[in-house]
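Breakdown of the fold
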Amino acid sequence: MFDRKRSKLSGKVSKGLEIVIILLMVAIFAVALFSLFGHQLQHTSASIINKLGGQEMIHSPVMYCIVSEPELIPPPMNTEEYDHVEENPFLPVAQNPLSTFSIDVDTASYANVRRMIKEGQFPPAGAVRIEECVNYFNYDYAPPEDEHPFAVHADLARCPWAREHRLARIALKGVEVQKDELPDSNLVFLLDVSGSMDEVNKLGLLKRAFSALTQNLGPRDRVAIVVYAGSSGVVLSSTTCTENNKPEILAALDRLQAGGSTHGSAGIQLAYQVAEQNFIEGGNNRVILATDGDFNVGVSNQSDLVSLIQQKAKKNVFLSVMGFGMGNYKDSTMEKLADKGNGNYAYIDSMMEARKVLIDEMAGTLLTIAKDVKIQVEFNPVKVAAYRLIGYENRMLRTEDFADDKKDAGEIGAGHTVTAFYELVPAGSAIPGVAAPSELKYQKTAEPSEAAMGDELLTVKLRYKAPDSDQSTLLELPVMDQDRTWESADEDFQFAAAVAGWGMLLRDSQYKGELSWALVEELALGGKGDDKNGYRGEFLQLVKASALLERPRVEN
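Sequence order as written defines residue numbering, which begins from 1 separately in each chain. In view of the model being predicted, local features appear only for residues whose pLDDT reaches at least 70, and side-chain atom pairs are presented and counted only at 80 or more, with totals across whole chains, interfaces and linings using the full set of residues. Each side-chain value is worked out from all heavy atoms of the structure, with water and hydrogens disregarded.

1. Quick notes on the environment of Ala489
Put simply, the test is: In this description a helix means any DSSP run of H or I spanning at least four residues, a strand means any run of E spanning at least two, and both kinds are numbered starting from the N terminus. Any two residues whose heavy atoms approach within 4.5 Å at even a single point are treated as in contact.
When you line up the elements, Ala489 lands in the loop between strand E19 (473-480) and helix H11 (491-507). Residues Ala489 and Arg158 lie 331 residues apart in sequence; the distance between their C-alpha atoms is 8.7 Å. Once residues lying within four places of it in the same chain are set aside, the contact partners of Ala489 are Ala157, Arg484 and Gln494.

Structure follows, in C-alpha cells:
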C-alpha cells in the first residue's frame, strides 16, 4: 500500500515538473520573442486600433504591440543639369540689321526630351533646344551641284501662329557620301565605366550600341578602346576592323564593367594620345566619348575641359559625344564638349536611336565635310521692321565674329541637313515686346540704300572652312520678297515649323502667339509626308503626350 501511494505521489511530482518545465520554456520563448521584436505585453479585453503619437497601437484580447509606421524610402535624387535658356527676342532692323550665329547639327535635345515625355515628365525649359529638335529630322533639300560641300536654300511663308508675320526658312544640305566612299577612320571609343554608369540603360546599352557600330566598320578602319573611372586605361589598342579582328573588339566591349568614381579628364587626355599615335592623314580621326557626363574627379569644371578639347581639335582630331542614362545626366557639360571638339552630340536612349545615329546616319556622324560654319543674315529695313531667330540661343555670335577666321563655329557632316527659322515683322507693323524708339538728338535715321528699294527681303551670307583648312570661304544668297500663304509651303517647311512650335510650347515661350498643342498637331500632320522611317509619326504621338502633361510650377 505504501509503495502504491509513493508511486502515485511520484507520478504527480513528475507531471508537476513537466508542467513547470513547459511553462518555463513558454516564458523563455515569449521573453526571447518580445526582446527581439520590442513587443510589450498587457492584458486587455478590447480589440481596437488607435493612432497614438505617430505610431499605431494594435490591441488584441491578449496583448498589444507598438508598430512603427513604414519608413518611406525617398525617390532617387534627380541631379540632371541643363543650362538656362534666354530665348531670342524680336530685334528692330533699324538698330540691328545683322543677325549672326553658328550652325548646329546636334540632335541630343530631341531624344532626351522624348525620353522625359515618355516617362510622363514635363521637360525643363533648359533641356529644350529648339534647333536640335528641328534638326533631328531629315528634310528633302537639294544637295550641292557645285564645288561647295553643301547647298544653301531660303524661302518664306506666312507664320502659322502669327498670321500678320512671316516665317523665313534657311536650309543647308551637305553633300551625300556613300558608306563605301568614306575615308578610313581612326576611332577611339572613350567609354565611361564609373559607378554611375552601372545601369542597363547606361553601360548595358552603350556596349550594345558600340558593338553595332563596330560590326558596320570596314576592314581599313581602326578602333581603340579607352575606359575611365577612378583611373583610366587602354582596354584595346588600336585594331583594324577586319572580320578576323572584330570578335576581339566585341569581346573587349562585352567584358566592360562599371565601378568607381569618374576621372573624366584623365580618360580624355589618354584617348587623344591614342588617337594621335594612330593618326591617319586625310582620314577621319575622332574620339567618341560615351558617358552620362557625371565628371566628379580631376579636371571637372567645364572651362578646363573645353580648353583641353579645343587644343586637340586644332590638330584635326575631332570629338563626338554620345549621352546615356538619366537621373544624373549632365547635358550642359556634354553639349559644350562636342561643340568645342568639332563634333556632334547625340543622346542614346534605345537601340533604335543607336541605329539611327551610329549606323543609318554613320556618314554624317563620322565624317565632317565643313567646319566653323557661320551664318549672317542682313535684313532690308524697307521691308522688315524686326526679326526673331527661333532657337540657337547658345550659338549666337557677334557681328564681327563672322569675318574672324579664328572664331570657332559649328560643323556639318556628310548628308546632314540644317534648318533655321526667323519670324519676321513686316515694315510698318508693331514689334512685340519692343517700345517705339526715342527720337535721337545727335543722330538721324540712316537713309535706305538703292538696293533696299528693290525686291530683296534679306541676304544670307555663309562662311565655312574645309576640315583641314584655316581659311574660310564666303557664300551669299539674296532672298526675294514673297507673300506666300502657309498652305503653299512645302511639307518639310510645314513639319519643321511644327517642331519649332512644339519647342516654343514646351518652353512656354512669350512669343508663342496662337500656338496650341492642337495647332502643332495640325501643322505636323500637314507636313508628315510618306515618313518612311516613322520618325514624324512618333513626333505626332509626342505632341499628344505633351498636351496631357502638367507643366511644373516654378516657385518665386
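From this point, things continue past the structure.
2. Describing the pairing of strand E8 (residues 185-192)
Remark: a regular strand shows side chains that alternate across the two faces of the sheet. Here is the rule we go by: For the exposure calls, accessible area comes from a 1.4 Å probe over protein chains only, and a residue counts as buried if that area is under 20% of its type's maximum, exposed if over 50%, partly exposed in between. Strands were regarded as paired on the criterion that DSSP finds at least two bridges between them.
Burial runs high along E8: eight of the eight residues are buried. Taking every second residue as pointing to the same face, both faces of E8 are buried, with Ser185, Leu187, Phe189 and Leu191 on one and Asn186, Val188, Leu190 and Asp192 on the other. As paired strands, E8 and strand E11 (residues 284-291) are joined by seven bridges and run parallel to one another. By the bridge assignment, Leu190 is partnered in E11 with Leu289.

3. As for the nonpolar core
How we decide: For the purposes of this section, nonpolar cores are sets of buried Ala, Val, Leu, Ile, Met, Phe, Trp, Tyr and Cys residues that join through side-chain atoms within 4.5 Å.
In terms of nonpolar packing, the biggest core is built from 74 residues, with Val287, Trp502 and Phe539 touching the most fellow members. Among the elements that make up this core, the one with the highest residue count is H11 (11 residues). Core analysis: the second largest hydrophobic core is formed by 69 residues, Leu217, Leu366, Tyr387 and Val418 among them.

4. Digging into the packing of aromatic side chains
Keep this limit in mind: Think of it this way: a Phe, Tyr or Trp ring, Trp meaning its six-membered ring, pairs with another when their centres are within 6.5 Å, and the plane angle makes it stacked under 30 degrees, edge-to-face over 60, tilted otherwise. For a ring to carry a charge above it, either NZ of a lysine or CZ of an arginine must fall within 6 Å of the ring centroid while also lying within 35 degrees of the normal to the ring plane.
Per the counting criterion, the structure on display carries 21 aromatic pairs. Ring geometry for Tyr136 versus Phe137: centroids 5.3 Å apart, planes at 75 degrees, classification edge-to-face. Neither Tyr136 nor Phe137 differs from the other in exposure class; each is buried. Joined through ring pairs, the aromatic side chains of Tyr110, Tyr136, Phe137, Phe495, Trp502, Tyr535 and Phe539 make up one cluster. Taking NZ or CZ as reference, Lys356 lies 3.9 Å from the ring centre of Tyr136, over its face. Between the NZ or CZ atom of Lys356 and the centre of the ring of Tyr535, over which it lies, the distance is 5.6 Å.

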